Amino acid sequence: MSLPPYLTSRPLTRTDAPDVHGLMAAQELAVLGRVEIEEADIVADWQRPSFDVGASTIGVVEDGRLVGYAEITDTERGDAAVHPDRQGRGIGAFLAEWMQREARRRGYAVVGMPVPQGGPGDRLLTALGYHVRWTSWVLRLPPGAQVPRRPLPQGWAVGPASPERLAEAHRVVEDAFGEWTTREPESLADFEAQTVRRPGFAPWMLRVATGPDGDVGAVAVVQLAPDGEAFVSRLATRADLRHRGLAQALLVDAFAAGREHGATAYGLSTDSRTGALDLYRKVGMEVTDVWLHRAIRLDDGPEAPQRSTA
């Protein structure tokens, strides 16, 4: 599929991160009524050693202005955005075709991306034959509410992680999320790029639960947004230590730490692969946004079943 003659396309570079942020922010504002994405999110993703920005992105430009973009972020997964005032001109379909072509070139059997439920991206991908692979929910605490505290098991403690705990924290997160069949392993260097090297990171933002033996059993990563929201971007418990209240205790700790550093709102996200939605609802969190991961097969083979980490 070709673009109209007044539009051009090119690979992006790291210096394009502010323009990509502006593009995605405009799209979120139009669809969600607020901006969730931070420029730090893009910078952190693009600085991963495993990510080649030039080979994994494309931008659509009109008179020097970025009006659309797409990227292959991980195996079988991408992201894309079209500026609200340039939708309906074939840019979205062009980007979807580019993502499929690039995914095929890499040997992927499936490619997909998250879109707000019912939004323009959801409607476009539905029309292009994409199916729902999984559902994601953004949850927040209502104003004035707090997650109820849960006693820790004997000998356990929660708090900030020391720098030498980073590799151990990475292993806990990797083992937990590695149970998903659709996720590729994340190296320690990539984990660092998205956590401790993410713009705005402070040592208090990496939280751990440690047991009587001193080992890390659960991990939470907090991001403090410019609007004052403490957002838990990762929450993982070691498989052999689940159902002991560690995740809830660490969530209370993470939000309390955010409050101490100026947070006025608290949120996180989960999806249907984890089975954790009811847990967060039970502690008082409410769903504010629903995202669908829509995907399309690039061959005729059956798709692998999803596993839950619940």
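As the structure is a prediction and not an experimental result, all values here were calculated from the model.

(A) Highlighting the pairing of strand β2 (residues 57-62). Counting buried positions along β2 yields six of six residues, so the element is predominantly enclosed. Of the strand pairs in this sheet, β2 and strand β3 (residues 65-74) are connected by six bridges, and their pairing is antiparallel. Bridging across to β3, E62 finds its partner in R65. Counting the residues between successive antiparallel strands, the hairpin from β2 to β3 contains two residues, one of them, D63, with a positive phi of roughly 50°.

(B) Geometry of the pattern of salt bridges. A complete count under the given rule lists 23 salt bridges for this structure. Put simply, E229 and R140 hold a salt bridge, and the shortest N to O gap is 2.6 Å. Within this pair, whereas E229 is found in strand β10 (residues 229-237), its partner R140 is found in strand β6 (residues 131-140), the two being separated by 89 residues in sequence. As far as the burial class goes, E229 and R140 line up, both buried. Ionic pairing is found between D289 and R140, a salt bridge with its closest N-O pair at 3.5 Å. Taken together, the residues span a long stretch of sequence, with D289 in strand β12 (residues 286-297) and R140 in strand β6 at a distance of 149 residues. One exposure class covers both D289 and R140, and it is buried. Taken together, the salt bridges that share partners define one network made up of R34, E36, R140, E229 and D289.

(C) Just the nonpolar core, in detail. V232, L235, L251, F255, Y280 and M285 are the most contacted members of the largest nonpolar core, which totals 32 residues. Of the residues forming this core, the biggest block, eight residues, is contributed by helix α8 (residues 246-260). Residues in contact with M285, not counting those within four places in the same chain, are L139, R140, L141, L251, F255, Y266, G267, L268 and Y280. Judged by nonpolar contacts, the second largest core, of 24 residues, contains L95, L125, Y130 and I296.

(D) Inspection of unusual backbone geometry at higher detail. Although it is not a glycine, D63 sits at a positive phi angle of roughly 50°. Of note, D63 is situated in the loop between β2 and β3. Given a relative accessible area of 77%, D63 falls into the exposed group. Even without a glycine there, the phi angle at E76 is positive, about 70°.

Calculation rules
Residues numbered from 1 in each chain as written. Predicted model: local features only at pLDDT ≥ 70, side-chain atom pairs only at ≥ 80, totals over all residues. Heavy atoms only, no water. Buried < 20%, exposed > 50% of the residue type's maximum accessible area, 1.4 Å probe, protein only. Helix = DSSP H or I, 4+ residues; strand = E, 2+ residues; numbered from the N terminus. Pairing = 2+ DSSP bridges. Salt bridge = Lys/Arg side-chain N within 4 Å of Asp/Glu carboxyl O. Core = buried A, V, L, I, M, F, W, Y, C linked by side-chain atoms within 4.5 Å. Contact = heavy atoms within 4.5 Å.

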